[in-house]
Amino acid sequence: MTSEAVVHGVEWTVKELFVYPNEFIYWSIQIVMYPYMTGLVAGAFVLSSLYHVFGQKGLKEIAQFSLVFSLALLPAAGLPLLLHLQQPTRAMEPLLTPHFTSAISAFGIVFTTYGLIVVSEIWFVYRRFFVEQVHALKGKEGFGNMLRLNVYRALTMGAFDISDEALKVDHKAAKILAGVGIPVACFLHGYAGFIFGSVKANALWMSPLMPVIFIMSAVVSGIALCMLTYIVIMEWKAFRLRRTVSVTAATEIKGAESDIINTATRYLLGFLVAAISLEILDLIFRGYTAMKSWDILRSVMYGKDFVNIFVLQYTLGNLVPFVLLLLPGRTMKRTVVALILVLFGVFMMRWNVVIGGQAFSLSFSGYMHYHLPIIPHSLETFKEGLFGALSVAATPFVLFWIINKFVPSLERGEEAKY
Amino acid sequence: MKWHVLRPLWLAIGLVVVILIARQFMVPDDFGVHGDSFTYNFYRQSNVQEWKEFPVKHLGHESCVECHEEKVTMLSASPHAAIECENCHGPAAGHPDEIEFLPIERSREHCLRCHEALEYPHNARSELPNIRNRTHKRRRECVTCHVPHDPREKPE
Amino acid sequence: MSCSRRDFLKQACGGTLASVLPVSAFTFLSNEEARAAVENANVRWAFLVDTTKCVGCGLCVKACKNENEIPYDAPVTRTWVERYVITKDGQAHIDSPMGGRDGFTENVINGEEIDPENIDKAFFVPKLCNQCDNPPCVQVCPVGATYQTDDGVVLVDRSWCIGCGYCIMACPYGVRFFHPVHKVADKCNFCYHRITKGMNPACVDSCAFDARRIANLRDPDDPVTKIITTERVAVLKDEYGTKPHVFYIGLDENVR
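The rules behind these values
- Residues numbered from 1 in each chain as written.
- Chains lettered and ligands numbered in written order.
- Predicted model: local features only at pLDDT ≥ 70, side-chain atom pairs only at ≥ 80, totals over all residues.
- Heavy atoms only, no water.
- Contact = heavy atoms within 4.5 Å.
- Buried area = accessible area lost by both parts, 1.4 Å probe.
- Salt bridge = Lys/Arg side-chain N within 4 Å of Asp/Glu carboxyl O.
- Polar contact = N/O pair within 3.5 Å; in protein donor to acceptor, adjacent residues only side chain to side chain.
- Helix = DSSP H or I, 4+ residues; strand = E, 2+ residues; numbered from the N terminus.
- 1 Å grid on protein atoms, 1.4 Å probe; cavity = no way out; pocket = protein on both sides within 12 Å on 5 of 7 lines; lining within 4 Å.
- Points joined across faces, edges and corners; volume = space filled by probe spheres on them.
- Nonpolar A, V, L, I, M, F, W, Y, C, P; charged D, E, K, R; others polar.
- Pairing = 2+ DSSP bridges.
- Axes fitted to C-alpha atoms, helices over the stretch in contact; angles between N-to-C directions.
- Buried < 20%, exposed > 50% of the residue type's maximum accessible area, 1.4 Å probe, protein only.

(A) Up close: the interface of chain B and chain C. On the chain C side, the residues contacting the 54 residues of chain B number 81 residues. Interface area, chain B with chain C, both sides summed: about 5,600 Å², of which 58% is carbon and sulfur. It is Tyr40(B), Trp51(B) and Arg113(B) in chain B that bury the most area against chain C; as a group they hold 15% of the surface buried on that side. The interface formed by chain B and chain C includes three salt bridges. Here Arg44(B) ties to Asp157(C) by a salt bridge, and the two come within 2.9 Å at their closest N and O atoms. The interface formed by chain B and chain C holds 24 residue pairs in polar contact (both at pLDDT 80 or more) in total. Among the secondary structure elements, those contributing two or more residues to the side of chain B that touches chain C are α1 (7-26), β1 (31-33), β2 (42-44), α2 (46-52) and α5 (108-115) of chain B.

(B) Focus on empty space enclosed by the protein. With the rule as written, the count across this model stands at twelve cavities of 30 Å³ or more. Counted as a void, the largest cavity has a volume near 260 Å³. Together, 17 residues line the largest cavity, and Leu204(A), Glu279(A), Met301(A), Tyr314(A) and Val353(A) are the ones closest to its centre. Secondary-structure elements contributing two or more residues to the lining of the largest cavity are α7 (210-244), α8 (247-289), α9 (294-304), α10 (306-326) and α11 (332-357) of chain A. Of the residues belonging to the lining of the largest cavity, the class tally is ten nonpolar, three polar and four charged. Taken as a whole, the second largest cavity encloses approximately 180 Å³ of empty space. Lining the second largest cavity are 16 residues, with Glu23(A), Leu362(A), Met368(A), Ile168(C) and Met169(C) positioned closest to its centre. Partitioning the lining of the second largest cavity into residue classes produces nine nonpolar, five polar and two charged.

(C) Molecular detail of the interface of chain B and chain A. Listed per partner, the contact involves 16 residues of chain B and 23 residues of chain A. Here chain B meets chain A over a buried area of about 1,700 Å², counting both sides, of which 78% is carbon and sulfur. Linking chain B with chain A are zero salt bridges, by the criterion used here. There are seven residue pairs in polar contact (both at pLDDT 80 or more) connecting chain B and chain A. Top contributing element to the side of chain B that touches chain A by residue count: α1(B), with eight residues.

(D) Main features of the sheet that holds strand β6 (residues 119-127) of chain C. Residues and elements named next belong to chain C. Spatially, the three strands line up as an open sheet ordered β3-β2-β6, and their pairing is antiparallel. One side of each edge strand has no neighbouring strand; the edge strands of this open sheet are β3 (92-95) and β6. Sheet twist, expressed as the mean angle between neighbouring strand axes with direction ignored, is 15°.

(E) Looking closely at the pairing of strand β2 (residues 80-87) of chain C. Residue and element names in this part refer to chain C. Burial runs high along β2: eight of the eight residues are buried. Of the two faces of β2, the one holding Trp80, Glu82, Tyr84 and Ile86 and the one holding Val81, Arg83, Val85 and Thr87 are both buried throughout. With eight bridges connecting them, β2 and β6 associate as antiparallel partners. Each bridged residue has a counterpart across the sheet, and for Trp80 the counterpart in β6 is Lys127. Where β2 folds back on β3, the antiparallel hairpin that results is connected by four residues, among which Gly90 adopts a positive phi of roughly 85°.

(F) A look at the pattern of salt bridges. Under the definition given, this model contains 21 salt bridges over all chains. The residue Glu119(B) makes a salt bridge to Arg132(B) at a minimum N-O spacing of 2.6 Å. With Glu119(B) in the segment after α5 and Arg132(B) in the segment after α5, this pair connects stretches of sequence that are 13 residues apart. In this structure Glu119(B) comes out as partly exposed when scored by relative accessible area, which is 38%. In this structure, Arg194(C) and Glu67(C) form a salt bridge, with 3.2 Å as the shortest nitrogen-oxygen distance. In this pair, Arg194(C) is assigned in helix α5 (residues 192-195) and Glu67(C) in helix α2 (residues 59-67), connecting sequence segments 127 residues apart. We note that Arg194(C), like Glu67(C), is buried. Salt bridges sharing partners connect three or more residues here, namely Arg44(B), Glu50(B) and Asp157(C).

Structural data, given as C-alpha cells:
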C-alpha cells in the first residue's frame, strides 16, 4: 500500500455529479470531535461556576467534580487537533507565530489561558487539602508515600499558610477565577463556532449565529456529561455502600444526588431551549432568503441528510430528551436516558455542521459522501477513523482517573476535601 | 496581604516567558510583516527566494532547435506549429545530459485529446480535423498513417 | 502581617521584570526595515483565460503536473479544465475527469452518454488559482504559512504549514489541496519560479490555442493587460469580495 502519496481525504470521500477536482472531505471525524470536546470543557466549567459564582448551593458537589473533570477534558480536547494535523510536529506554531486574523490562531492563547484558569482555580480550592496531605505524609515510609509526598509538596507551590485568613483569600480568588473563567470558557468554544461561521466559502457554515449556537449547545453537552458521569459514580458508590455498610447510608447518597440532579436539569433545559431556538432560526432564515446556495442546501438537508438532521439530531437528540426531562415523575433511570440522548444530539449537531458542510460541492452541482473509516489499514485511517475518535472519547476518563487520585473531587459532606 | 495568592500568576507569567524564549530559537529571524498588511503579508521572507529557485522543467522549443533544427523547422511550417515540442515529448530539463532520450508519445489517446470528434456546436474544437475513435482504424497507432511533425505529410 | 520587606521586594522585582518581557513579543509584528521587495511594486500578475478558444485537450494540466511535481496519478491538480455541456432540456452536464489531465475523449458525462443532437452549447473552462487581492485563504492561515507577495502571487511556505486545512476550506474556488507527498497545503502559484525569470507559466506555454495568457497589470504596454482593461471580461464568484485576478473571456452563466 502506497501510504506515502495518498491524497488526504480520498479514502473516505465518494463524489457524486460535479465536484471540483481538489475537493475532498478534508475536515472529517477529528474535526467533529474537536468542537464536541471543547464544548464539554466549556459546559463543565460553566456548571462548576454556577456554584462558585452564582452561589447555587445545591450544586456544590457536582460543581467540584465538574471543575476537575473540566481539567481532564482539556488535553483530551487538544488531541483531535494533533491527530488531524498533516504536520503535527509543528503544532506549537500557533503559539509562536499566531496570525491573529485567523480564528484558529486563537486556539493556542485561549487554550493556554483557560488551562491556567482551571488549574489555578483548582489550586485555590484544594490548597488546604494539599498542605494537609504534606503534613500527613511526612515521615511515612515507603516509595509510594514518598512519591505522593513530593507530588503534594510540588502542588502546594510552597504556600503552607492555611489559617482562616489565608483560606478566605483562597476562596475569594477561586470565586474571581470562576467568574473570569466563564467568558473565557465561552470564548474557548465560541471561537470554534467562529471558525466555521466566518468561512464565507461554505454556504452551510457561513452565519453570524454559528458562534452562539456552538456555545449554547456546548454548555448543554457539558452539563449533560457532568450530570451523567456524576450519576454513574454516585450510583456506584450507593451500590457499594448498600452492600458493605448500610442501606440508610446508600439512601442518603441517593437523596442528595437527586436534589443536585434536579437543579442541574433546570439549567440544562434552559440552555437546550436556547440552542434549539437558534438552530431553527438559522434554518428558517436560510429557507426564507433562498440565496444561490439554497437549492443544494435544501437537497442535502431535506434529502440525503434528512435522517441525520431531523430524526437523529432534532428529534432523538433534542425533542425526546426535552420531553423525558419535563414529564412528571422523573426517575433517575429516565434522566440517564435523556442525558445520553442529549449528548448524542449535540454530537450529531457537530457532525451535521462539519460533515454536512462538506456534503455538497463548492460548485453547488455535486455531492460528497463521507464514509467513516472503521477498520484502520494505515496511520491515516486510524487517526481519522472510528478508533481515533474512540481514543479521543476515552482519554478524558483516563485522565480524570489519574488526576482524581491527587485531587479527589467525589467525596461529600465532611469527607469533602475542599 | 496574603502573597501566596499570586503564585498561580507567577506560574502563568513563567509559562509566557518560556514561550517567548522558545520563539527566539524556533522562529526564523526573517519572519514578520513584509508588506502593507498583517492580514496578507505575514510570512518568512526567505521563502520567496526558495520558490524562485524551484527547478524549471519545461524549456520551450527554443532549447530544442540547437540539436533538432530540422524537426522544429518542419513543425513550425505545419498546421501543428502552435504545439510545443514538450507537449508530446515531456519536459526537456536534463536532456540530453542526464536524460538521453525523451519519451515519444505515440498513443492514440494523446492525439484524441484534440482530434476526437465531440461535435460541440460553436466550439473551437469542432473546427479541428477530427475522427470518431470508435470507428476510425481501431487498434492502430495514429502515427502509422500520420506524421505528427507535419500532418500534411505521409510517413515513409 | 506576615509579609516581610524582602518578600515584597522580591515580588515587586519579579513582577516588573515579568511585565517587561511580554513587550518583546510585539517585535514580530513590526515591519521589516529592509523592504527588499520594492522592485516588485511595478508588477501585479494577472491571468486571462479565453474559453472560446479552449478545446479541452488537457495538455495544460499535464504540463502543470510535470512542471510543479504534483504526482501524476494523484487526483489533485494545481490547474484543471471543466467541461460544460448544456442540453436542450436546460440541464447542465459538467465534468472534469482527473482535472482534464487526459483531455476529453468521450461524450459520456457522469456516466451518461450525451447525444450531440441534444446539445445547445458546450464549452471548456480552464481554472486555476485566482491570486486574489483579498485572499480569504491567507486571512485564515493560523501561522502565517501562506501569504501574498508584492507582485500579487499567493505562496505557501512548505516548511511552516501545519496542515490544518483551513485555507483549503476558505477558498471559494476549490483551488487548494494537500500535497500528497509534502503533506502541506499546495496550489497554483502562476509558476512563480518561471514568471520571475521572464518565462511563461507551463500551462500558458503548453496551450496551442492561446486560451491561457499571463499579464502584468502594472505594465500598460502588456498586450494582455490591454485586453483585460479594454475588452469585456469577467471573473468567477465576485460576490465573495475576493477580487480575483484571473479574467475570463466568454464566461457563460452556467459556469460554477
